[in-house]
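# Tertiary structure, described
Spelled out, the chains give:
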Amino acid sequence: MRPTTIGIIGCGNISDAYLRGAGRSRLVRVKSVADIRADAAEAKAREHGVAAMAVDALLADPDIEIVVNLTVPAAHAPVSLHIIEAGKHVYLEKPLATRFAEAKPVIEAAAARGLRVGCAPDTFLGAAHQASRYAIDEGRIGVPVAGAAAVLSHGMEHWHPNPAFFYQHGGGPIHDLGPYYVTQLVNLLGPVSRVAAEATTSFRTRAITSAPLAGGTITVEVPTTVNGTLTFANGANVTLSHSWDVWKHRRVPLEIYGSEGSLLVPDPNFFGGEVKLARPGKKARPVKAWAHPFGIENQKHPAGMMANYRTAGLADMAAAILEGRDIRCSLERALHGVDVMVSILRSGAEKKFIDIKTRCTRAEALGIRDAKSLLKKQPVPA
Ligand SMILES: NC(=O)c1ccc[n+]([C@@H]2O[C@H](COP(=O)([O-])OP(=O)(O)OC[C@H]3O[C@@H](n4cnc5c(N)ncnc54)[C@H](O)[C@@H]3O)[C@@H](O)[C@H]2O)c1
């Protein structure tokens, strides 16, 4: 299959993962990058050997088929609309939109022009998450009836170079980290039908300690501790806790409880990790390792080595467009995720249960052969 030519708008923190990740796939080729800050685009272009362009010049380039939108959350919908109006397909970082109504013009414009929209996260395509999906689909824990998802930390202002947007409208742990957990839960269990939550803002300001803005103060506009429940269309009752107000805890990222056992799933913010399964009355044991390429550790991380295959979703979208098939990181699934996250926050504000209007299918599972087809060559551990 021929490679699809890509342009990237937004040359901040996450753009390196895309520029490196695209280099691992035979299905995508990054031609150029753009940013409202020309210096940011020029620096990334130099570092990764691609061209720097003004945003409008990139959008006018007839070679570019998919534009990757890596701007900040508040710019996701307007920049995506601009890309679609220029006649290009869009793949964007999560969240698809920060308000349900923001997504509507993007959906309508793409449909009117016959263009496709794909949206991160793609970590659910990782080896551990696909192994979890396989275990559930094989009936290894029986019928899934409940679960628990938790991601708790003390926020972003101690590491991110530009942390303010995380605490502004469209940020907060639900919009920032919720997509990973909700997407993987939908991958495992299918769509959500109802949510309820308690949402609080523990600290009205946050002190920045990361370079280069250390000493600055952020005013917090969003809830930073959210405890919710998600009822899935299949009946499963799952708790979800997302907080940036916690220094230390002993919670685990994700567990699914079934009629015949429990599945202990690693952090859906990453591609790899160990999946464990516990049958009734037995200890939890690791599920048999499989040779899925998106589990091979390829990147150093402060916590040790990790598997990072960000852009797998983009490569799958490029192939899906050429093959005329469903995109695994599809607009329909991203929209359902936005519906769930916006409804969790609304429930917290209004103190009532919220029925989820949207539904989506589960993405097709990504097995070993499918994953290999997205790569240039089989990865080797770094
Ligand atoms: N940093 C991470 O580890 C990480 C991980 C996963 C996902 N994300 C997501 O990726 C997105 C970007 O995050 P980041 O950390 O790279 O942010 P960042 O602030 O480091 O970079 C964003 C870039 O977008 C540019 N930009 C903003 N508005 C623009 C516009 N209208 N037109 C053109 N350029 C514009 C900014 O100048 C900046 O260079 C966010 O949605 C975030 O949720 C980030």
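In short, a report on the structure.

This next bit is on unusual backbone geometry. A cis amide bond links Ala120 to the next residue, Pro121, at an omega of 10°. Position of Pro121 among the secondary structure elements: in the loop between β6 (117-119) and α6 (127-137). A cis amide bond links Ala211 to the next residue, Pro212, at an omega of 0°. For Pro212, the position within the fold is in the loop between β9 (205-207) and β10 (217-219). With phi around 100°, Thr311 is a residue other than glycine that occupies positive phi space.

The strands that make up a sheet pair up through hydrogen bonds in the backbone, lying either parallel or antiparallel. Ordered by their spatial adjacency, nine strands build an open sheet running β16-β15-β14-β13-β7-β12-β11-β8-β19, and the pairing between neighbours is mixed. Unpaired on one side and paired on the other, β16 (285-286) and β19 (354-355) mark the two borders of the sheet. Strands in contact with α6 are β7 (144-152), β13 (254-258), β14 (261-265) and β15 (276-278); relative to β14, the strand with the most contacts, it is inclined by about 170°. Sitting on the sheet, helix α9 (residues 331-350) is in contact with β8 (192-200), β11 (225-232), β12 (237-243) and β19, with an inclination near 45° to β8.

On to the pairing of β13. Counting buried positions along β13 yields four of five residues, so the element is predominantly enclosed. Bridging between β7 and β13 involves five bridges; their strand directions are antiparallel. For Gly147, the partnering residue across the bridge sits in β13 and is Ile256. Pairing between β13 and β14: five bridges, direction antiparallel. Residue Tyr257 lies in a different strand from β14, and its bridge partner there is Ser262. A loop of two residues connects β13 with β14, the two strands running antiparallel in sequence.

Moving on: the site of the ligand. Inspection of the region around the ligand gives 25 residues, with Asn13, Ile14, Asp35, His76 and His160 positioned closest. Here an oxygen atom of the ligand sits 2.9 Å away from a polar atom, N or O, in the main chain of Asn13. One of the backbone nitrogen or oxygen atoms of Ile14 is found 2.9 Å away from an oxygen atom of the ligand. Protein chains bury 88% of the 830 Å² of accessible surface belonging to the ligand in isolation. Taken together, the elements giving at least two residues each to the shell around the ligand come down to α4 (73-85) and α7 (172-189). No other element matches α4, which puts four residues into the shell around the ligand.

Scoring rules and cut-offs
- Residues numbered from 1 in each chain as written.
- Predicted model: local features only at pLDDT ≥ 70, side-chain atom pairs only at ≥ 80, totals over all residues.
- Heavy atoms only, no water.
- Helix = DSSP H or I, 4+ residues; strand = E, 2+ residues; numbered from the N terminus.
- Pairing = 2+ DSSP bridges.
- Contact = heavy atoms within 4.5 Å.
- Axes fitted to C-alpha atoms, helices over the stretch in contact; angles between N-to-C directions.
- Buried < 20%, exposed > 50% of the residue type's maximum accessible area, 1.4 Å probe, protein only.
- Near = heavy atom within 4 Å.
- Polar contact = N/O pair within 3.5 Å; in protein donor to acceptor, adjacent residues only side chain to side chain.
- Areas by Shrake-Rupley, 256 points an atom, 1.4 Å probe, with all protein chains shown as cover.

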